[in-house]
Amino acid sequence: MRKKIVAGNWKMNLDYEEGLTLFSEVVNMVNDEITGQQHVIVCSPFIHLHSLVTLGKASTKLSVGAQNAHQAESGAYTGEISAKMIRSVGAEYVILGHSERRQYFGETNELLAKKVDIALKHALVPIFCIGETLQEREAEIHFDVIKRQLTAGIFHLDASEFAKLVIAYEPVWAIGTGVTASSAQAQEIHIFIRNEIAAKYGQSIADGTTILYGGSCNPKNAAELFGQADIDGGLIGGASLKSRDFVDIARVFN
Ligand code: PEP
């Protein structure tokens, strides 16, 4: 059975102490309350990573990830952080291609393909985000947009590398807006993504790929969304900033 994952994306929130406090609460709740096979991931700002890895070390149910990495190995890129640096502090995951990175930092599918390569090279698991904007959905080109994001962003990988990825479908119109895709809308895209993977890599890899949903997911709507056949968990923004809400979402898989 493919892995079920609930991953939090703190974005640019929480100072150092606030982050440690929130994460400590999450660790305790995860240890006490998570009884299934699901995995919980917290993707924090860079400044927290090392400390969170240390705090979460004892828990096999919990991992830590970053929210971005530079595409180069190292060099004169002032202010940037490399995949190797992230891995060196013990983080295991990295979000790549989040719509906020695409929108505000001009990250293209072609650039993201390079980021995916360097992340895998340094044994980080990319949580690769795809999703259409409202305009693209209204223009009824959302399937084309998603196909292009898959093809240009990750379909250059060979099968063994591809099998390491986690994919997150995040309709841009649902991120941070309080508007959630209906479970039927989300499932329709998730099965489309899985079918595209099957066409490229075969059914067995497609069946093993974890595909998360992201976009205003909360403790009230998570069970309905995660109950869909092709939705394997969630990438959680706002609700991951409250330990109770975040762990309640993860508990859906108990
Ligand atoms: C996200 O940032 O990936 C996200 C899904 O945010 P939110 O849950 O706040 O919509």
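Look a little higher up for the structure.
From a predicted model like this one, the values you see are computed outputs, not experimental measurements. (Residues numbered from 1 in each chain as written. Predicted model: local features only at pLDDT ≥ 70, side-chain atom pairs only at ≥ 80, totals over all residues. Heavy atoms only, no water.)

Draft legend 1. Inspection of the sheet that holds strand β2 (residues 39-43) at higher detail. Strand order around the closed barrel formed by eight strands is β1-β2-β3-β4-β5-β6-β7-β8, with parallel pairing between neighbours. Taking each pair of neighbouring strands and ignoring which way they run, the sheet shows an average axis angle of 25 degrees. Two strands pair when backbone bridges link them, and strand β3 (residues 62-66) and strand β4 (residues 93-96) are joined in this way by two bridges, in the parallel orientation. For Gly65, the partnering residue across the bridge sits in β4 and is Tyr93. (Pairing = 2+ DSSP bridges. Helix = DSSP H or I, 4+ residues; strand = E, 2+ residues; numbered from the N terminus. Axes fitted to C-alpha atoms, helices over the stretch in contact; angles between N-to-C directions.)

Draft legend 2. Region of the structure containing the nonpolar core. Ranked by size, the top nonpolar core spans 67 residues in total, and within it Ile154, Phe162, Ile167, Ile193, Ile197 and Phe226 carry the most contacts. For Ile167, the residues in contact, after removing those within four places along its chain, are Phe128, Ile130, Leu150, Ile154, Phe162, Ile193, Ile197, Thr209, Thr210, Ile211 and Leu212. Counting residues in hydrophobic clusters, the runner-up holds 13 residues, among them Ile41, Val166, Ala168 and Leu212. (Core = buried A, V, L, I, M, F, W, Y, C linked by side-chain atoms within 4.5 Å. Buried < 20%, exposed > 50% of the residue type's maximum accessible area, 1.4 Å probe, protein only. Contact = heavy atoms within 4.5 Å.)

Draft legend 3. Representation of the packing of aromatic side chains within the structure. Counted under the stated rule, the structure contains six aromatic pairs. Both rings, one in Phe226 and one in Phe253, keep their centres 5.1 Å apart while their planes meet at 5 degrees; by these two values the pair is stacked. With Phe226 in helix α11 (residues 222-226) and Phe253 in the segment after α12 (243-250), this pair connects stretches of sequence that are 27 residues apart. The residues Phe226 and Phe253 share a single accessibility class, namely buried. One aromatic cluster is present, formed by Phe155, Phe162 and Tyr201 through successive ring pairs. Between the NZ or CZ atom of Lys200 and the centre of the ring of Tyr201, over which it lies, the distance is 5.9 Å. (Phe/Tyr/Trp six-rings, centres within 6.5 Å; stacked < 30°, edge-to-face > 60°. Lys NZ or Arg CZ within 6 Å of the ring centre and 35° of its normal.)

Draft legend 4. Spotlight on the site of the ligand. Around the ligand sit 14 residues, and of these Lys11, Glu170, Gly176, Ser216 and Gly238 come closest. The separation between an oxygen atom of the ligand and a polar side-chain atom of His98 is 2.9 Å. The backbone of Gly238 places a nitrogen or oxygen atom 2.8 Å from an oxygen atom of the ligand. For the ligand, the accessible surface in isolation is 300 Å², of which the surrounding protein chains cover 95%. Taken together, the residues of the shell around the ligand break down into four nonpolar, eight polar and two charged. (Near = heavy atom within 4 Å. Polar contact = N/O pair within 3.5 Å; in protein donor to acceptor, adjacent residues only side chain to side chain. Areas by Shrake-Rupley, 256 points an atom, 1.4 Å probe, with all protein chains shown as cover. Nonpolar A, V, L, I, M, F, W, Y, C, P; charged D, E, K, R; others polar.)

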